[in-house]
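Remarks on the overall topology
What follows is each chain in one-letter form.
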Amino acid sequence: MSVLYKASKIVVGENLELIENASILVKDGKIIKILSNSEVDDFGFEYELVDFGQKTIIPGMIDCHNHLALDTRLDNHLVRMNDSECEQTIRAIKTMKDDLLSGVTTARCLGDRYYIDVTCKKAQLEGRIMGPKLIVSGIGMRASHGHGYVGLPHCGKEEFRKTARENIAKGVDFLKVFMTKVINATPYIYHFLTLDELKVVVEEAKSVGITTACHCSGGQGLDDCITAGIDCLEHVYYISDEQIKRVKEADMWVVYTPSYALNNELLFKFSPKDREGSLQEKEIIKGCLENSIKGKLKFGIGTDGIHQGLAQEAIYISELGANNRDVLAGITTNAAKICGISSYRGAISEGLDADLVVLEGNPLEDISALKQVFSVIQSGEIIR
Ligand SMILES: [Zn+2]
């Protein structure tokens, strides 16, 4: 069945241009045509008309940094990463549904135990569970003495190579490693992987044409990520001006996950310092992220397991200085590039997946409109 979705504002194309009084013709889950309403006439086939009136349609949102079984809304959510496979899978099914209903039609998963992400990706595609379409990394690889609650410990190049290959054999879309802690007590930012260990992971990814992502706050670890050729840096809370230049030169992506530093409740949970020290740390991180945004690094935005929280992350990035169009790109068009799916998803363009979110307001004018989701459409079907 074909559907014509009509609204007074639609944010279309790679450049997220606003067009007024237009319609999106959807057939078999794809966007067939974008029309001005005066063109709406006879297509030579039956279609249903859904008129969203004064609302705004944007591309389905993409959470660039998700963990299906990590759920910050629960007490002791980190300890729960040791729960059984069954328990974590049940949790993943719930977070996927919650995220989809909040407007996240695609999510990039940065590591879950037991290949839960790989299993759920397949189940979602087959229509057995409800949730975002997934881009998965399987087992996150951390150092045996390093950070990474959702990852598993590795020591030495060959252990990293072994898991990298196991991940690839399971069919992951990219590889994930953990280099540093989340929030550090500056000035020294510890890193836990050697350059050689990083290079092995990059080498294995390149050998099969997939990308690499690294959990990296800053310090020497960030420099090593650039040297090793990691494709995407996650978090970058402590990125320095010098590193901003290097990342830009290397044309690398960054993914911002601002809540862990800017939301006090989460900050106090993760900072190794006392309350006052944590608040000072927050100011340092704010400065680094502001400089990174000013430096115009290519970015995506992610929640890091704060389910239903992508709109808030986007609002933080706008408060840190990014313009609304760039913020929107960070959860749609640019996010799709980070995921490697931009040729078929991430924008409202002809031929792409009909993943759409209908908002009460226009986020190009007021980014907080992302919080007022009226309807969610995935592969052409109204989910909410
Ligand atoms: Zn993460």
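Residues numbered from 1 in each chain as written. Predicted model: local features only at pLDDT ≥ 70, side-chain atom pairs only at ≥ 80, totals over all residues. Heavy atoms only, no water.

Structural notes on helix α9 (residues 275-294)
Between its terminal C-alpha atoms α9 stretches 28 Å, which fits the 28 Å expected from 20 residues at 1.5 Å a residue. Against β13 (232-235), α6 (241-249), β14 (253-256), α7 (259-262), α8 (264-270) and α10 (310-319) lie the buried residues of α9. Within two residues after α9, K296 carries a phi angle of roughly 60°, on the positive side. (Helix = DSSP H or I, 4+ residues; strand = E, 2+ residues; numbered from the N terminus. Expected span 1.5 Å × (residues − 1). Contact = heavy atoms within 4.5 Å.)

A closer look at empty space enclosed by the protein
If you walk through the whole model with that rule in mind, you get two cavities of 30 Å³ or more. Estimates place the volume of the largest cavity at around 140 Å³. Lining the largest cavity are 16 residues, and of these H67, L70, H147, Y149 and D304 sit closest to its centre. Its residues assigned to classes, the lining of the largest cavity comprises eight nonpolar, six polar and two charged. If you add up the space inside the second largest cavity, you get close to 40 Å³. Of the residues contributing to the lining of the second largest cavity, the split by class is three nonpolar, four polar and three charged. Among the domains, domain 1 (2-59 + 346-382) and domain 2 (61-339) are the pair contributing at least three residues each to the lining of the second largest cavity. (1 Å grid on protein atoms, 1.4 Å probe; cavity = no way out; pocket = protein on both sides within 12 Å on 5 of 7 lines; lining within 4 Å. Points joined across faces, edges and corners; volume = space filled by probe spheres on them. Nonpolar A, V, L, I, M, F, W, Y, C, P; charged D, E, K, R; others polar. Domains from an automatic or database assignment.)

Let's talk about the pairing of strand β17 (residues 373-378)
With five of six residues buried, β17 lies mostly within the body of the structure. Sheet analysis places β17 next to strand β18 (residues 381-382), joined by two bridges and oriented antiparallel. Across the sheet, the residue bridging to Q378 is E381, located in β18. Where β17 hands over to β18, the hairpin turn is made up of two residues, of which S379 adopts a positive phi near 45°. (Buried < 20%, exposed > 50% of the residue type's maximum accessible area, 1.4 Å probe, protein only. Pairing = 2+ DSSP bridges.)

Description of the side chain of Q88
Turning to its location among the elements, Q88 is positioned in helix α1 (residues 85-101). With relative accessibility at 0%, the residue Q88 sits in the buried group. Within the structure, Q88 has its side chain in polar contact with the backbone oxygen of M81 (distance 2.8 Å). Here Q88 is in contact with A69, R80, M81, N82, D83, R113, Y114 and I116, once residues within four sequence places are set aside. (Polar contact = N/O pair within 3.5 Å; in protein donor to acceptor, adjacent residues only side chain to side chain.)

Details of the side chain of S292
The topology assignment puts S292 in helix α9. Judged by relative accessible area, S292 falls into the buried class, the value being 0%. Beyond its immediate stretch of four places on either side in the chain, S292 contacts I239, I244, Y256 and L297.

Quick notes on the nonpolar core
With 92 residues, the main nonpolar core has L233 and L370 as its most contacted residues. Among the elements that line this core, the one with the most residues is α10, at six residues. For this core, the two domains that each supply at least three residues are domain 1 (2-59 + 346-382) and domain 2 (61-339). Beyond its immediate chain neighbours, meaning those up to four positions away, L233 contacts C214, C216, L222, C225, V247, M252, W253, V254 and V255. (Core = buried A, V, L, I, M, F, W, Y, C linked by side-chain atoms within 4.5 Å.)

Remarks on the packing of helix α3 (residues 157-170) against helix α4 (residues 195-207)
Following both chains from N to C, one finds α3 and α4 inclined at 25°, their axes separated by 9 Å at the closest point. Of the possible angle classes, the one that applies to α3 and α4 is roughly parallel. The handedness of the crossing between α3 and α4 comes out as right-handed. Residues K157, F160, R161, A164, R165 and I168 of α3 lie in contact with α4, whose contacting residues are D196, E197, V200, V201, E203 and E204. Considering only residue class, the contact of α3 with α4 consists of five nonpolar, no polar and seven charged. (Axes fitted to C-alpha atoms, helices over the stretch in contact; angles between N-to-C directions. Parallel < 35°, antiparallel > 145°, perpendicular 65-115°, else oblique. Left-handed = near helix turned anticlockwise from the far one by under 90°.)

Some words on the UniProt feature "domain: Amidohydrolase-related" (unreviewed entry) in the protein chain
Residues annotated by UniProt as "domain: Amidohydrolase-related" (unreviewed entry) correspond here to residues 56-378. For residues 56-378, the helix share is 40%, the strand share is 18%, and the end-to-end C-alpha distance is 16 Å. (UniProt positions renumbered as here; feature names shortened; annotations may be inferred.)

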